[in-house]
Amino acid sequence: MDHRLRNRLTAVFGGIIAFFLLLIVLLFIFRSRVLEYTINRVVTKVENKYPVDFNIGSAEFTDWTSVVLTDISFVPHSLDTLFTTDSVNATVSFRSIFAGRVVFKRLEVANSYLTAVKTGDETNFGFLFKKEEPKAPVDTTGEGRNYGELLNRVIETAFENVPDQVDFRNLNASYVSTNRTIDLKMPYLRMDDGEIDSQVSVRTDSLVNNMRVHGTINPRDYRIAASLYGFDDRGIRLPYVKNKFDAQVAFDTAHFSLDSKEFRNNRLTVRGSAMVNDLILNHQKLAGEDDIHVEESAVDYVVTLGPNLYVIDSLTEVRVNKAKANIYAAYQNEDSKIIDLMVKTEQIPANDFFQSLPTGLFENLEGIKAQGQLQYDMKFHVNMDSLRQVAFDSDLDASEDFKILEWGNTNIEKINSTFMHTVYEYGKPVRTFPVGPSNPFYSPINQISPHLRNAILSAEDAGFYSHDGFHEEAFRQAIAENLEEGEFARGGSTISMQLVKNVFLSRKKTVARKVEEAIIVWLIENQDLVSKHRMFEVYLNIIEWGPDVYGAKDASRFYFGKQPSELNVAEAIFLTSIIPSPKRFRASFDSYGNLRSHKHGYYRLIGGHMRRRGLISQEEYENLYPNVRLYGRARDLIVTAQDTSVVEEDTTQYELETIDLLDF
């Protein structure tokens, strides 16, 4: 290479190096101005976007790539301060200085306080989630609030403000309103390369939860996974559940993930999973006073929220211990309120099914061992504007080799022989007696008048000898009535279900009791554990018919002073009429002991049904009217006056409950 060319190249490279050295020196000299420019730009951007004063007391470099910011505050206009922090130590990207703006790579934040305040309808944080005003008027007539859009904004706002690396020391957050106070303290919170680690203490009014949190986060893909662990022996207890729902919820460990979100056509769809270990539930309407314990529960969810639409997709899988089911649920109220619910399982080993039942929920079924497979399928649909068109189908199928190998807490087959029966009132035992020949008030079914047997079957369960324990049409009608009343007013029970309820279950109207009742009825009927003949016989000997009056023989003697085999049609229909409400037996009579006139309609109804089935003759039907003669203890309790000038109490509503299952 020519000497002059080499010297020229040396000079060029030397100049370039000198330029960069000069640039570095200048950047070092003016880096504070770059920092100031960046901070002013950020402050301006924030204050233009939100109605706040964003203040940073001071900002300066401590070395080539380290910056300290102090006295930072975020104050909404004319509202309480939302956020303050003493200091932020940040590592700066050296490359960003060359670009003329400062980019923070790592943050160390000390003594931070986030204070959310709600006074009446005014908050100091609501502006963060407000939607931008539309450029043109939008017709929202008839539209409800779109919670999908709201949740999407919350998710995006939260993820957009997640730093890549941050180390909080003494992070505090609180929510204060007229009704409640929540205080959150984190001695530390670290996020580094998507890893999250923290210790958290949350006080909600008087309830304190101490937790460890560990997880991962990917802000770009809106993904987060977190695990919460109880930091003490008390576990983690949900606040406000006791006050709002009169319930208690606690657990030891919880895992939650948001795997993806998609907002399209004004609808938000989120996918993820959740799992809770050692879950404890307590609510009167679930299982009375008993705690419900679920060792492990999990859900893989797909949920869509939109205008007037809430959907849990059928891809959602729920697991309780070893049992799994796919769930579909939808609620839409655009034109009318429509509810859909579907539950479907694959074949489950029978042992896994029974062992997966939460303890404290189904006492009689605990400890059962079985072989074979079980599969469940349920569909429910209702339009709240046409409740009588409710659709409900429920099927529990067993494989051919299904068999109970060992009973647990309760031997369901005990009713095939003499057993002790305890009567409960308001959850307390009031009387115990044997159901069998050792009881002098026990009557074999062939010693009970066919009139009484036929009247009860006609009113209570006309298809008893032909169905498998359930009457789906009656159950659909019961669902419709309960939805209309807004409470559990009617159960649609068959005689099989009433028998199980009386023999095995408490009288408390809980969700658990109805489910346990259905499972026991299914076992009895589908596995032929007890004959229909025996079930009806036991039923006739244990049902209540008045004050401490149980069974057909006791009732026949109490009201009419005769044996149950001697009852005539009128007496049988009367006894049938008071089964739904036996404690109101006096209301059927006037002060002379005569049946009140409103009984006439019930007699014609039940009598007509018996005539159409050939259970009584046309002549018996024509001569049928509400007339019975009282004897014995019933007469002493009922005949209390010497005149009939009293106001009748119409008990038709209680009598008509017995004809839920009439099939005409």
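Along every chain, residues carry numbers that run from 1 in the direction the sequence is written. Local features in this predicted model are restricted to residues whose pLDDT is 70 or higher, and side-chain atom pairs enter the listing and the counts only when it is 80 or higher, whereas totals over whole chains, interfaces and linings include all residues. The basis for the side-chain values is all heavy atoms of the structure; hydrogens and waters are excluded.

This part is about unusual backbone geometry. A positive phi angle, close to 50 degrees, is found at Asp-71, a residue other than glycine. According to the relative accessible area criterion, Asp-71 is exposed, its value standing at 55%. Even without glycine at this site, Asn-308 takes up a positive phi of about 60 degrees. Numbered from the N terminus, helices here are DSSP runs of H or I no shorter than four residues, and strands are runs of E no shorter than two. With respect to the secondary-structure elements, Asn-308 resides in the loop between strand E15 (292-306) and strand E16 (309-320). The cut-offs for exposure are 20% and 50% of the maximum accessible area for each residue type, with area from a 1.4 Å probe on protein chains only; residues under the lower value are buried, those over the upper are exposed, and the others partly exposed.

Summarising the element assignment, Gln-165 is placed in strand E6 (residues 165-176). A relative accessible area of 19% means that Gln-165 is categorised as buried. Each polar contact in these results corresponds to two N or O atoms within 3.5 Å; when the atoms are within protein, one needs to be able to donate a hydrogen and the other to accept it, and residues that are neighboring in sequence are counted only if both atoms are side-chain atoms. For Gln-165, the side chain forms a polar contact with the side chain of Asp-192, separated by 2.7 Å.

Before going further, it helps to examine helix H7 (residues 450-460). The buried fraction of H7 is high, at 8 of 11 residues. If you check which residues of H7 are buried, you get Leu-452, Asn-454, Ala-455, Ile-456, Leu-457, Ser-458, Ala-459 and Glu-460. Elements that come into contact with the buried residues of H7 comprise helix H9 (495-504), helix H11 (532-542), strand E26 (544-546), helix H12 (552-560), helix H13 (569-577) and helix H14 (599-612). By the convention used here, residues are in contact when the closest approach between their heavy atoms is within 4.5 Å.

Looking now at the nonpolar core. What makes a nonpolar core is a set of buried Ala, Val, Leu, Ile, Met, Phe, Trp, Tyr and Cys residues whose side-chain atoms join them at distances within 4.5 Å. Counting residues in hydrophobic clusters, the biggest one holds 86 residues, and the most contacted among them are Phe-354, Leu-523, Trp-545, Tyr-559 and Phe-574. Broken down by element, this core gets its largest block of residues, 7 residues, from helix H10 (residues 511-526). The residues contacting Phe-574, other than those within four sequence positions of it, are Tyr-559, Phe-560, Ser-588, Phe-589, Leu-595, Tyr-603 and Val-628. Judged by nonpolar contacts, the second largest core, of 47 residues, contains Val-200, Phe-251, Val-276 and Val-294.

Residues qualify for a patch when their relative accessible area is over 30% and they have no salt bridge, like charges being joined within 9 Å and the nonpolar side chains of Val, Leu, Ile, Met, Phe, Trp and Tyr within 5 Å. Values of accessible area rely on a 1.4 Å probe in the Shrake-Rupley scheme; residue burial ignores everything except the protein chains shown. Salt bridges are counted wherever a side-chain nitrogen of Lys or Arg sits within 4 Å of a carboxyl oxygen of Asp or Glu. Where nonpolar side chains cluster on the molecular surface, the patch consists of Leu-286, Val-511 and Val-515 and spans about 210 Å² of accessible area. By the secondary structure assignment, Val-515 is in helix H10.

Time to look at the pairing of strand E10 (residues 223-230). Any two strands with at least two DSSP bridges between them are considered paired. As defined by bridge partners, strand E9 (residues 207-218) adjoins E10 across 8 bridges and the pair is classed as antiparallel. From the neighbouring strand, Val-213 faces E10, where its bridge partner is Leu-228. Linking E9 back to E10 in an antiparallel pair, the connection comprises 4 residues, with Tyr-222 at a positive phi of about 55 degrees.

Here we come to the packing of aromatic side chains. Aromatic pairing here means that ring centres of Phe, Tyr or Trp (its six-membered ring) are within 6.5 Å. Orientation follows from the plane angle: under 30 degrees is stacked, over 60 is edge-to-face, and everything else is tilted. Applying the stated criterion to the full structure yields 22 aromatic pairs. Relative to Tyr-222, the ring of Phe-159 has its centre 5.5 Å away and its plane inclined at 80 degrees; by these criteria the two rings are edge-to-face. Within this pair, whereas Phe-159 is found in helix H3 (residues 147-160), its partner Tyr-222 is found in the loop between E9 and E10, the two being separated by 63 residues in sequence. Judged by centre distance (4.7 Å) and plane angle (85 degrees), the rings of Phe-558 and Tyr-559 are edge-to-face. The residues Phe-558 and Tyr-559 share a single accessibility class, namely buried. By definition, being over a ring means that NZ of Lys or CZ of Arg is both within 6 Å of the ring centre and within 35 degrees of the ring normal. One Lys or Arg, Lys-261, reaches over the ring of Tyr-222 and ends 4.5 Å from the middle of that ring. Over the aromatic face of Phe-464 sits the side chain of Lys-532, whose NZ or CZ is 4.5 Å from the ring centroid.

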